[in-house]
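Topology and contacts: notes
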Amino acid sequence: QSNQKPLLASSNHNKMADYDEDTTPSSPSRRTPVLDPTDNSTIIGHHYPGFDYTGERICPLQTLDIWFPVGAAQEAPWLVYIHGGAWRDPAIDSSSFNASATKILSTLFQQPLEQRKKKLGGIASINYRLSPYPNHPTNPSDDPTDDSRRAKHPDHIADVLTALDHLHKFYLMQSYVLVGHSCGATLALQACMDPVRWKDLEESVSIGYRGVYEVAKPKTVVGLNGLYDLAGFINNPPKGYERLREAYREFVTGAFGSDEKVWREACPASAERWLGQWKLGHWQGKRKVVLVQSLEDSLVPVEQTEGMAAYLEKENEQLDEDNKIEVAVLMEKKGGDHDEIWQRGDRLGEILVAVLDWEI
Ligand SMILES: Nc1ccccc1C(=O)C[C@H](N)C(=O)O
């Protein structure tokens, strides 16, 4: 219910319809106040949709949304969200964080200004180019020249990193918590890896766009109903999820191509030296990973989260005390189905406020 109209129009004839030169992303007229849901009149923040992060207006999905809490200090930690949708679903975009963002702003607004000021500098939600979805029931990707719908790995992660760079450069973002749902969780963990992996790959598949790769890494990553080992699922789907094997193979091939080696190297639970490549920026403190899994998820089995947690535990054994990462795993008994975690927003907002409290 909280999800707004997706950025991509259903008909490809007006694929640029939502991308109007006249409504410049920074124009104040596009700023909407966020009202406290408890009284519907107090302004608790401002929402700015549709900032172009490439600076070149390349395509309508290379944009991000920002929410500023009232009284925020921009140098406080940021919360950055990456939506899911199997790298291809045109109906899921940055607006899928609307409900959670409102919950976070309203929860923090209850705290004294001096306290909340240090907790959250801003919230961002990133759009990125999607891979083809030719058999989508209502909005198939049938225009081969539409850059929004023909992305191929590493385009998705290149867009995410470019967006993060934009937030650092133009919005003073310093440390940040990177949150991702489903394939957004894969992307969040990919953002910790050495970007050389993607840069080399891009040389061979790119359509000409060159993103930014070198960006400061997150301090904390939160994965929600995440995909962490795609080859593992396709080769050996857990009991009860066998029916999804071909669907997984289809979207994974659409996003990464048919070479299983590429899937393995792109996935955090199967890539070599994933954790070793996660270097912190100039700020201090331990790296943290929070894994949240809805136990009623009919699309992503709990084994994905368990496998990721086991991988982190094993890697941690190799590290000395100072370098170990902190891991928290939340199994949500009443989390609902795959997308309900962001659709409802309340519980997710609560979890993310707790993560921000943990940051300080
Ligand atoms: N089958 C999945 C398995 C795992 C994670 C997502 C999906 C999806 O189907 C996502 C999206 N709604 C899609 O239409 O591709």
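Located above this text is the structure these notes cover.
All values derive from a computational prediction rather than experimental measurement. (Residues numbered from 1 in each chain as written. Predicted model: local features only at pLDDT ≥ 70, side-chain atom pairs only at ≥ 80, totals over all residues. Heavy atoms only, no water.)

**Structural notes on the pattern of salt bridges**
- Throughout the structure, instances matching the rule amount to 13 salt bridges.
- The shortest N-O distance in the salt bridge between Arg-344 and Glu-340 comes to 2.6 Å. Pair noted here: Arg-344 and Glu-340 are both in helix H10 (residues 340-344), with a separation of 4 residues, about one helical turn.
- Residue classification places Arg-344 among the partly exposed residues on the basis of a relative accessible area of 43%.
- Given a relative accessible area of 26%, Glu-340 falls into the partly exposed group. (Salt bridge = Lys/Arg side-chain N within 4 Å of Asp/Glu carboxyl O. Helix = DSSP H or I, 4+ residues; strand = E, 2+ residues; numbered from the N terminus. Buried < 20%, exposed > 50% of the residue type's maximum accessible area, 1.4 Å probe, protein only.)

**Quick notes on the site of the ligand**
- As a matter of local geometry, the ligand sits amid Gly-85, Ala-86, Arg-88, Asp-89, Tyr-133, Ser-182, Tyr-248, Phe-251, Leu-299, Val-300 and His-338.
- In the environment of the ligand, an oxygen atom lies 2.9 Å from a nitrogen or oxygen atom belonging to the side chain of Arg-88.
- Residue Asp-89 places a side-chain N or O atom 2.8 Å away from a nitrogen atom belonging to the ligand.
- Within the complex, the protein chains bury 87% of what would otherwise be the 370 Å² of accessible surface of the ligand. (Near = heavy atom within 4 Å. Polar contact = N/O pair within 3.5 Å; in protein donor to acceptor, adjacent residues only side chain to side chain. Areas by Shrake-Rupley, 256 points an atom, 1.4 Å probe, with all protein chains shown as cover.)

**Focus on the sheet that holds strand S6 (residues 176-181)**
- One open sheet accounts for 9 strands, arranged S1-S2-S3-S5-S4-S6-S7-S8-S9; its pairing is mixed. Two strands in the sheet have a free side with no partner beyond their single neighbour: strand S1 (32-35) and strand S9 (326-332). Here the average twist between neighbouring strands, direction ignored, is 20°.
- Sheet analysis places S6 next to strand S7 (residues 220-224), joined by 5 bridges and oriented parallel. Residue pairing across strands places Val-177 opposite Thr-220, the latter belonging to S7. (Pairing = 2+ DSSP bridges. Axes fitted to C-alpha atoms, helices over the stretch in contact; angles between N-to-C directions.)

**As for the environment of Glu-214**
- For Glu-214, the location among the structural elements is in the loop between helix H5 (196-205) and S7.
- Glu-214 sits in the exposed class, given a relative accessible area of 57%.
- In sequence terms Glu-214 and Val-70 are 144 residues apart; their C-alpha atoms lie 31 Å from each other.

**Side note on a nonpolar patch on the surface**
- On the surface, Leu-295, Val-327, Val-329 and Met-331 cluster together into a nonpolar patch covering about 280 Å² of accessible area.
- By the secondary structure assignment, Met-331 is in strand S9. (Patch = residues over 30% accessible without salt bridge, like charges linked within 9 Å, V, L, I, M, F, W, Y side chains within 5 Å.)

What is shown is where atoms sit, not what they do.
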